[in-house]
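Structural overview for review
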Amino acid sequence: MRLNALRFRAVLTAFATLLTAVTTWTALSAQEPATRIRATTVIDGGGKVLRNATIVVQGSKITSIDMSGNGSASYNLGQLVVMPGMIDVHSHVAWHFDQDGRYAARPGSPASEILYSAENAFVTLRAGFTTIQSPGSASDVDLRDAIARGILPGPRILTSIRQNNERSGTPAELREKVRQLKQDGADVVKIFASASIRDGGKQTMTDEQLQAVCGEANSLGMRTMVHAHSPESIKASVNAGCQQIEHGVFANDEVLKLMADKGVYFDPNVGVVLQNYLKNKAKFLGIGNYNEEGFAYMEKGLDLNKTMIKKAMATPNLKLVLGTDAVAGAHGHNADEIVERVRQGGQKPMDAIVSATSLAAKSLRLDKTVGTLAPGYEADLIAVDGDPLTDISAVTRVVFVMKGGKVYKHVAPRGATSHN
Ligand SMILES: [Zn+2]
C-alpha cells in the first residue's frame, strides 16, 4: 500500500512538472515582447492621476501598469502627459470639400469619396481620437471594416449608416427600417427629431414616430442618438426612450433635468461645428439651407450655446459626453470641443477629459474595452504637450498616438530639438 502511494505521488509530481513546463513554454511562445510606455503623469480616463507610471502593452492590450519606476521603457515620454485616446461620439467622417474646395453632399467620384473619408479618419487619429461615432453615411461601413482589419490608419468607427427623419415613414415603416439597420450592421440608430438650427430647430418627427424608432431600437438592444434642438423635441425623444441627445442649442433647465433624471446622455456641440461653418462660410454658402439666413442663425447659435452649456454644467448628474458634429473642414480639430466646454461652460478639466474618454466609451457601450488606461483595456493612448489639468488647450497638442498597441504618431513637442 505504502509503496503504491509513493509511486502515485511520484507520478503526480512528474505530471505537474511536465504541465508547468508545457504551460510556460506555451505562454512564452505566444508572447511578443512587451511595449513599455513611461510618463511622469498619466491621466487614467476614470478621474485618477498616476505618477511615474509605466504602461505595459502586449499585443493590442494593456497588461499592467508598473508603478515601480524600474525596468526599461520602450517610450520614455518624460513630462508629456499620457491619457486614453479621445472619443468623439459625433463626427461625420465622410464629409469633405470637393476638389474646388466647396462643400458638396457628394464631393467626388465614389473612389475619391472613400479616399476623402480615409483622409478624415487619418487626420482624426493623428489629433488623438482613437474612437469616433459617425451618424452616418453608407460608406462608413467599408471604412470602419477596413480600419478594423488593422492596416488602414484611423480611429475605431461606429456608424449609423443612414439617418431617420419625419419623412422616413409611418411608425410601422420606421420599425422595419430599424430592423434593417441592425441587419446591415449599424452600430447606432440616428434620428432627426428637430429641424436644423439653420431652420429654427423645431420638432419635426411626431411623438409616435420617435416612439417607434427608439422603441424598436431598444427592443433590439441598439443604441439611439437624436438630433434635437428645441425643448419639446428633446422632451419627446427622452420620453420615447431614446438614449442620447445631440446639439440641444435651446435646451432649458427643465429638459436638462429630465435628461439627467432619465440617465440620457447629452452631447452639446459648442466648440467646433458652428465655428467651423463660420470660418468656412464661403465654402458652404449657397448650398441648400447654407444661405445668409442660415448663417445668421448659426452666428446667433454661438451665444445660445454659451448660455446652454453653462446651464448644462450646472445640472446635477447630467451625463455629458464629448461630441463635435465635425463636418467638412473640422476633422482634426475635434479637441477644440473639450477646450470650449471648459472655457465657455466652466467644466472642470478632469470632468472634460472623463467625458471624452471613459464616459464617452460608456455611452457607446465600450466601457470595458476603451476609454480607460487599466489592465485588460485596449492600448489606445495618447500623449499631449502640457498638462491639460492646468491648461486644457494641451489636448489640442497631441504628440504621441497609440491605438490597439500600434504607434501612429510620435513627434517632438514644441520647442524641443529632440525627444526620447
Ligand atoms: Zn451631425
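Anyway, here's the lowdown on the structure attached to this text. Given the structure is predicted, the values throughout are model-derived calculations rather than measurements. (Residues numbered from 1 in each chain as written. Predicted model: local features only at pLDDT ≥ 70, side-chain atom pairs only at ≥ 80, totals over all residues. Heavy atoms only, no water.)

**Topic: the sheet that holds strand β13 (residues 265–267)**
Read from one edge to the other, the open sheet built from 6 strands follows the order β9-β10-β11-β12-β13-β14, with strand pairing classed as parallel. What marks the edges here is a single partner per strand, and that holds for β9 (163–164) and β14 (319–320). Along the sheet face, helix α5 (residues 207–220) touches β10 (188–192) and β11 (223–228) and points at about 170° away from the line of β10. (Pairing = 2+ DSSP bridges. Helix = DSSP H or I, 4+ residues; strand = E, 2+ residues; numbered from the N terminus. Contact = heavy atoms within 4.5 Å. Axes fitted to C-alpha atoms, helices over the stretch in contact; angles between N-to-C directions.)

**Some points on the pattern of salt bridges**
All told, the structure shown has 22 salt bridges when counted by the stated rule. Arg-179 is paired through a salt bridge with Glu-176; the nearest N and O atoms lie 3.0 Å apart. In this pair, Arg-179 and Glu-176 both sit in helix α4 (residues 171–183), 3 residues apart, roughly one turn of the helix. Here Glu-176 falls in the partly exposed class, since its relative accessible area comes to 39%. The partner of Arg-341 in a salt bridge is Asp-267, with the nearest N and O atoms 3.1 Å apart. Of this pair, Arg-341 sits in helix α11 (residues 336–345) while Asp-267 sits in strand β13, and the two are 74 residues apart along the sequence. When its relative accessible area of 0% is taken as the criterion, Asp-267 is described as buried. A cluster of three or more residues bridged by salt bridges with shared partners is formed by Lys-61, Arg-156, Glu-378 and Asp-380. (Salt bridge = Lys/Arg side-chain N within 4 Å of Asp/Glu carboxyl O. Buried < 20%, exposed > 50% of the residue type's maximum accessible area, 1.4 Å probe, protein only.)

**Considerations on the coordination of the zinc ion**
Taken together, His-90 (NE2), His-92 (NE2) and Asp-325 (OD) make up the protein donors of the zinc ion, found 2.1 to 2.2 Å from the metal. Read in sequence order, the donor residues coordinating the zinc ion give the pattern H-x1-H-x232-D. Note that His-92 is positioned in the loop between β6 (86–88) and α2 (110–126) and Asp-325 in the loop between β14 and α11, a separation of 233 residues in sequence. Overall, His-92 belongs to the buried group, its relative accessible area being 8%. (Donors = N, O, S within 2.8 Å, 3.2 Å for Na, K, Ca; no water.)

**Notes on the pairing of strand β2 (residues 49–58)**
The buried count for β2 comes to 7 of 10 residues, which makes it a mostly enclosed element. As paired strands, strand β1 (residues 35–43) and β2 are joined by 8 bridges and run antiparallel to one another. Of the residues in β2, the one forming a bridge with Thr-41 is Arg-51. Judged from the 5 bridges that link them, β2 and strand β3 (residues 61–66) form a sheet pairing that is antiparallel. The residue of β3 that forms the bridge with Gln-58 is Lys-61. Where β2 folds back on β3, the antiparallel hairpin that results is connected by 2 residues, among which Gly-59 adopts a positive phi of roughly 60°.

**Quick notes on the nonpolar core**
Among the nonpolar cores identified, the biggest contains 38 residues, and Val-189, Ile-191, Ile-234, Ile-245, Met-259, Phe-266 and Leu-318 are the most heavily contacted of them. Broken down by secondary-structure element, the contributors of at least two residues to this core are α4, β10, α5, β11, α6 (231–239), α7 (253–262) and α10 (292–313). When neighbours within four sequence positions are excluded, Ile-245 is seen to be in contact with Val-226, Ala-228, Ile-234, Ser-237, Val-238, Met-259, Val-264, Tyr-265, Phe-266 and Asp-267. Counting residues in hydrophobic clusters, the runner-up holds 31 residues, among them Leu-125, Ala-335, Val-384 and Val-395. (Core = buried A, V, L, I, M, F, W, Y, C linked by side-chain atoms within 4.5 Å.)

**Some words on the pairing of strand β7 (residues 129–134)**
Burial of β7 is extensive: 6 of the 6 residues sit out of reach of the surface. As paired strands, β6 and β7 are joined by 3 bridges and run parallel to one another. By the bridge assignment, Ile-87 is partnered in β7 with Thr-131. Where β7 meets strand β8 (residues 156–159), 4 bridges bridge the pair, whose relative direction is parallel. Bridged to Ser-134 within β8 is Thr-159. Of the crossover connections in this fold, the one passing from β7 over helix α3 (residues 140–148) to the parallel β8 is right-handed. (Right-handed = clockwise from strand over helix to strand, strands pointing away.)

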